[in-house]
Every structure is written in structure tokens, then in C-alpha cells.
Amino acid sequence: MGTATLTAFMLAGTAVASADNLTLYCSADEAWCQLMARGFEEETGIKVDMTRKSSGETFAQVKAEAANPKGDVWWGGTGDPHLQAAEENLTAEYMSPMREQLNDWAIRQAEASGNKTIGIYSGALGFGYNKDLLEKAGLPAPACWKDLTKPEYKGQVQMANPNSSGTAYTTLATMVQLFGEDDGFQYMKDLHKNINQYTKSGSAPIKAAGLGENMIGIVFMHDAVAQGASGFPIVTVAPCEGTGYEIGSMSIIADARNPESAQKFYDWALTADVQSRAKDVNSFQVPSNKDAVQSPLSPDLSTIKLIDYDFKKYGSSDERKRLLQKWDEEVSTLPQ
């Protein structure tokens, strides 16, 4: 390649890298992802290329692309894989000027990651059931985690696969913390007998329940609330034993092609105005900005029996890999 050609090539590369573009990896609900992508595009003129995948899938993609990153920002999804990405240096440190407007739990998430991620919303784990299907089957309403392992619910429960879904990994880590590791895995084995399908996406089980394709879905409670708000016969349950919760997170991908656009999006996404829009697309998580307006339908975390979820431990690479491998070997292989 001649000098002139090489120079032109380098200039062309620079032009592409510095253009007003943003590649967004989104792990929230599709409607919310679209709201964020199109809203940022309209307000800044920065063109957004958005891909929606579950938390586990996005983490795997970011890791696979580490040598040649294609994404700029990873927005949404459970915090555990964001923490693992930070630990593996797949995401970049960034201190947003918006931090002072955020709730303490959002800042704790940032500090746990060396400021490579930050909390954008929170939500408690639980389940929901289709009351019409329940009544038709003549079954009692489940109120506790242990209820879901009863024989009468065989083939009636659905959850996501913890390898692909942050929701399901939070479920696994919650049971280990709630019941202890031995009893927690025994619970997952007992539950496995009643599972009709492990989905790829964390919210899919309750969407199936809303459509009458399934009776009970293990999900974050705000996803069950969203189905009820959309007119489906879904009842949301905060399990009697207590439950874990998520800190949905956002991270800038290390060596992103559009770092300036990434930082602009990051700051924009933390504003009260933008976070207040979640309710407009039936997303009922608790926002991280103290001044954001949330829907009255959002679960009140102060009324739910939450465990002291150890985000740092269960978001670590070693612990996450260990638990997933153990689930693969000891639970997923069992007959149903």
C-alpha cells in the first residue's frame, strides 16, 4: 500500500471512529431499549445502532469481541454480569458528573466495580401466575418459593436459563444465599422437576404466562407487574421466605470506537427526565436517580423482605462460573 493510499485509509478510519455514532447493547425490555435508543438519537443527533439481548448473551458477546470491540455502551440487565465484565477489564472506568443525583445503591454498584459500571435501576425477584389458569386447574395460589416445588405445580413453572439470563442467575444466587448452598441447590433440583421450559430471556416466562401458554413465571416482580398493567391476568408475588434483587447496570465497553458518544449517552441515561420515561413503556423498575418519577405500580421495595444480596461476591467471575457449572452439572441434567 502506497503512502498516499495508507494516509487516506488512516484518515477514513479516523472519520468513521469520530463520527456521531453509538453502538448500544441493551439488556432491558425491547420497548424500553427502543425508547432509549430513539430518544438519545432525537435529542443529540447521534445515530444509534441498538441490539437487544439478555444480560448473559450480551456479556458473552462483549467478551467474544474483546480483541476488537464493536459495542460502545452496554445498558440495562442485571448487575452481576456487568460486575464480571468489570473484573475482566471488558469495560472502562468512567466517573459521570451525574453521580451526585443517584441513590446510594447505584453508587455502591459503581464502587464495587472500580467505577466501571453504575446502577440505573433496581428490582426485586419474585414470580407471577396466571390467575385464570390457576383457577381453571383448581390449584392453590403460590405464596412462597417452596410452594413452586410442590407436585401439583409439575409442568406449570417456567424460568430462564441462568447461563443466558441475568434474571435466572440472580434466582440461582438468591437461593444459595437464602437457603445456604446445599439447600439452595436442593431447591433448584426440586424446582427442576416442575419446570416446563428454561427460556433464553429472563422476562419470557411471565410473558408466556400472560398469554396463557404457561401458569407460573419466575421473574423480577416489575416484569410481572408489567404484564398485569398490559391487561393480562397476572398476579405478582413477593415470596414469603424473602428474596434477592438486582441492580440493573450500565457500562462503557473498554476500547469503544465512539468513547465521546458513549460518555454522552451514559450521562444522559442517568438524568431524572430520561429515567422517568421508563413508566411510559410499562417498565416498573425503581430508578437510580433520586428525582426520577416512578409509576405508582412499581413494587415498593421497602415492603418486600429482601436478603442482603452480596453483589460483589456473586458478580465475581470465579463465583459466577462456579455456580453456573454446578447448575449445569447437578441440576440441568436431571430428568423431569
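## Quick notes on the overall build of the chain
Counting secondary structure elements, the chain contains 14 helices and 11 strands. Expected size for 336 residues packed as a compact globule is a radius of gyration near 20 Å; at 21 Å, the chain falls within 12% of this value. For the chain, the residues scored as buried account for 56% of the 336 residues in total. Considering only contacts within the chain whose residues lie at least 6 apart along the sequence, 77% involve residues at least 24 apart. Summing over all exposed atoms, the chain offers an accessible surface of approximately 13,900 Å²; the carbon and sulfur share of this is 51%.

## Side note on the side chain of S298
Counting through the fold element by element, S298 comes out in the loop between β11 (286–287) and α13 (311–314). Ignoring any residue separated from it by four or fewer positions in sequence, one finds S298 in contact with F284 and Q285.

## A word on the pairing of strand β8 (residues 216–220)
Counting buried residues in β8 gives 5 out of 5 residues, a clear majority hidden from the surface. As paired elements, strand β5 (residues 118–130) and β8 share 5 bridges and run antiparallel to each other. Within β8, the position partnered with G128 by the bridge is G217. By the bridge criterion, 2 bridges tie strand β6 (residues 157–160) to β8 in an arrangement that is parallel.

## Side note on the nonpolar core
In this structure, W75, M250 and F265 are the most contacted members of the largest nonpolar core, which totals 78 residues. Once residues within four sequence positions are removed from consideration, W75 is found in contact with L24, Y25, C26, S27, A28, W32, M36, I120, S249, M250, F265 and A269. Counting 7 residues, the second largest nonpolar core, distinct from the first, contains Y25, V62, A85 and I253.

## Focus on the confidence of the model for the chain
For the chain, the mean per-residue pLDDT works out to 93, and 94% of the residues sit at or above 70. Taken as a whole, residues 1–18 scores under 50 in pLDDT and shows 6 contacts with residues more than four places along the chain or in a different chain.

## Observations concerning the state of the cysteines
Considering all chains together, one arrives at 2 disulfides under this definition. Note that C26 is cross-linked by a disulfide to C33, the S-S spacing being 2.1 Å. On the sign convention where negative is left-handed, the bridge of C26 and C33, at about -85° about the S-S bond, is left-handed. The exposure class assigned to C26 is buried, which follows from its relative accessible area of 0%. Linked covalently through their sulfurs, C144 and C240 form a disulfide whose S-S length is 2.0 Å. Note on the C144 and C240 pair: the S-S dihedral is about 120°, so by sign convention the disulfide is right-handed. Here C144 is found in the loop between α6 (131–137) and β6, whereas its partner C240 is found in the loop between β9 (234–237) and β10 (245–253), with 96 residues between them in sequence. According to the relative accessible area criterion, C144 is buried, its value standing at 15%. Of the residues examined, C240 reaches a relative accessible area of 41% and is grouped as partly exposed.

## A short note on the pattern of salt bridges
Inspection of every chain in the model, using the stated rule, returns 11 salt bridges. Across the pair D147 and K150 runs a salt bridge, and its minimum N-O distance is 3.1 Å. For E330, the salt bridge goes to K189, with nearest N and O atoms at 3.7 Å. In this pair, E330 sits in helix α14 (residues 317–330) while K189 sits in helix α8 (residues 181–192), placing the two residues 141 residues apart along the sequence. Owing to a relative accessible area of 31%, E330 belongs among the partly exposed residues under this scheme. Here K189 falls in the partly exposed class, since its relative accessible area comes to 23%. Within this structure, E181, E319, R322 and K326 form a network of salt bridges that share partners.

About the thresholds
Residues numbered from 1 in each chain as written. Predicted model: local features only at pLDDT ≥ 70, side-chain atom pairs only at ≥ 80, totals over all residues. Heavy atoms only, no water. Helix = DSSP H or I, 4+ residues; strand = E, 2+ residues; numbered from the N terminus. Rg over C-alpha atoms; globule rule 2.2 N^0.38 Å. Buried < 20%, exposed > 50% of the residue type's maximum accessible area, 1.4 Å probe, protein only. Contact = heavy atoms within 4.5 Å. Areas by Shrake-Rupley, 256 points an atom, 1.4 Å probe, with all protein chains shown as cover. Pairing = 2+ DSSP bridges. Core = buried A, V, L, I, M, F, W, Y, C linked by side-chain atoms within 4.5 Å. pLDDT = per-residue confidence, 0-100. Disulfide = S-S within 2.5 Å. Salt bridge = Lys/Arg side-chain N within 4 Å of Asp/Glu carboxyl O.

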